[in-house]
Amino acid sequence: MAALLMPPLRPRKDRVFRGTISHLTNLNDDELRRRYRFGKDSIAYLCNLLQDRLRRPTNKATALTVEQQVCIALRFSASGSFLQVIGDTLGYDKGTVSRVVNDVTDALIDIKDDFVSWPTDVDSINRIKCGFYRQSNFPNVLGCIDCTHVRIQAPSDDEPSYVNRKGYHSINVQAVCDFEGRFTNIFANWPGSTHDSHIFNTSTLSNHLQTNHRGLIDGVILGDSGYACRPYLLTPYANPTERHQQRFNGCHASTRSVIERTFGILKRRFHVLHSEVRMKPEKVCRIFGACAVLHNIALSRNEPLVNDDGAGVRLDQPVQVPAFLGVQDGRNTREHVARVFFNH
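Remember, it's a predicted structure, so these values are computed and weren't measured experimentally.

(A) Highlighting the overall build of the protein chain. Each helix and strand in the protein chain was counted, giving 13 helices and 5 strands. Burial analysis of the protein chain (344 residues in total) assigns 50% to the buried set. Across the protein chain, every contact between residues at least 6 apart in sequence was considered, and the portion connecting residues at least 24 apart equals 67%. Split by element, the accessible area of the protein chain, about 18000 Å² in all, is 48% carbon and sulfur.

(B) Region of the structure containing helix α4 (residues 66-79). In this model, α4 (14 residues) spans 20 Å end to end at C-alpha, consistent with the 20 Å of a helix rising 1.5 Å per residue. Buried residues dominate α4, accounting for 12 of its 14 residues. Restricting attention to buried positions, one finds in α4 the residues Val-66, Gln-68, Gln-69, Val-70, Cys-71, Ile-72, Ala-73, Leu-74, Arg-75, Phe-76, Ser-77 and Ala-78. Its buried side turned inward, α4 meets α2 (29-36), α3 (40-54), α5 (83-90), α6 (94-110), α11 (243-269) and α12 (281-300).

(C) Fine view of the side chain of Asp-178. Mapping Asp-178 onto the fold places it in the loop between β2 (170-177) and β3 (183-191). Its relative accessible area of 2% is what places Asp-178 among the buried residues. Side-chain polar atoms of Asp-178 contact the backbone nitrogen of Arg-182, separated by 2.9 Å. When residues no more than four places from it in sequence are discounted, the contact partners of Asp-178 are Arg-127, Ile-128, Phe-132, Thr-184 and Val-258.

(D) Structural context of the pairing of strand β1 (residues 141-151). Of all 11 residues making up β1, 10 are buried, and the element is well covered by its neighbours. With 3 bridges connecting them, β1 and strand β4 (residues 220-222) associate as parallel partners. By the bridge assignment, Cys-144 is partnered in β4 with Leu-222. Summarising the sheet, β1 and β2 pair through 8 bridges and their orientation is antiparallel. Across the sheet, the residue bridging to Asp-146 is Ala-175, located in β2.

(E) Representation of the side chain of Asn-185. Looking at the secondary structure, you find Asn-185 in strand β3. What makes Asn-185 buried here is its relative accessible area of 13%. With near-sequence residues (within four places) excluded, Asn-185 lies in contact with Val-116, Trp-118, Gln-174, Ala-175, Val-176 and Leu-205.

Calculation rules
- Residues numbered from 1 in each chain as written.
- Predicted model: local features only at pLDDT ≥ 70, side-chain atom pairs only at ≥ 80, totals over all residues.
- Heavy atoms only, no water.
- Helix = DSSP H or I, 4+ residues; strand = E, 2+ residues; numbered from the N terminus.
- Buried < 20%, exposed > 50% of the residue type's maximum accessible area, 1.4 Å probe, protein only.
- Contact = heavy atoms within 4.5 Å.
- Areas by Shrake-Rupley, 256 points an atom, 1.4 Å probe, with all protein chains shown as cover.
- Expected span 1.5 Å × (residues − 1).
- Polar contact = N/O pair within 3.5 Å; in protein donor to acceptor, adjacent residues only side chain to side chain.
- Pairing = 2+ DSSP bridges.

Structure (C-alpha cells):
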C-alpha cells in the first residue's frame, strides 16, 4: 500500500560522454574568427598560455581538453548567447559551459597584469607619447580615459543603484587605452548609477597619479568634461573664448576619440559585452576584464577586425614640453599646454 502512494521515480538521464574531437579540424581562419574571434594560431597561443591553469588533474578520456575549454569560452564571449544555446551548439551541457566560462575567465584574470599594465619604463612611455603626437599633435599624452556601460539583468541586491542615467541596469567600467587602442588600465567595480568622476577618484590609478605624478614631464591622460581638470588629467575648456583654447578643445577631442573607438571595437569583437549579460554583477566585472585581456592579445597578434588607425607608428623621442612653473593644478596646467602648443 505504501508503495502505491510513492510518486513515480523520474527516469535517470543517460550520461553522454563526448570525445576530444577538435573544434578546429574543419574550419579555416576566417570561419574561426567569425565564431571565436581568433585564428587557429592565436587559439593555439591562448591554449599554450592557459594550459597550466586549465588542464584537468585527471587521466579520464572524457575530461575536457584545454583547447575545448578555450573554444567554449571564446564562443560565449564572441556571441553573447545564453549558456544553454552555447551548450546546444557545441554539444555540451549548460552546467559544463558555465563552469568552463568561469574557469577560463579566472585564468585570464590571473594573467591580466601581463597584458593590461600601466606604462612605467621610459621606452614604453616615450612610445605612447610619440604615438599620440603623431596621430593628433597632442603632446605628452599617456592615455585616454572614459567609462562604458555593460548591460546586465536587474540584480536582486541593491537593484536601484544599477540603473544608469539611460534607464537600464548596467555596470559602469572605467578604462584607459593608448594610441593603438590597447588597454593599459581597467577598473570594473561600480554599478551603473555611479558617476565617472567618482569611479576615477576611488581607483588605484588615481591614487598612483596623485602620489607619483611630477608634472608635465610625466605626461597626462585626457578625459571628457565629466572629470575634474587636474595636472595629470586634462579636460576640455567648458567655454573656450580664445583661439588657443578652441584649438586645444579640437585637438583634445580628436585625441580622446581613441578610447571611444576602442570600446566600440571591444564590444563588436565580444558581443557578450554588447548584450544583456545574465550573470551576477561581480561575474560581469570579471568577464569584462577577461575580454580586455583577449582584446590586447588580439591586437598584439594582429587579429583582424577593423582597420588599424595607428599601425606602423615609429619609435622616436617625444615632443619636449616646456616646464610649467606656475600653480600646479589642472586648469593652470591645461592653460600652459594650450598656450604653448595651440596658440597659432
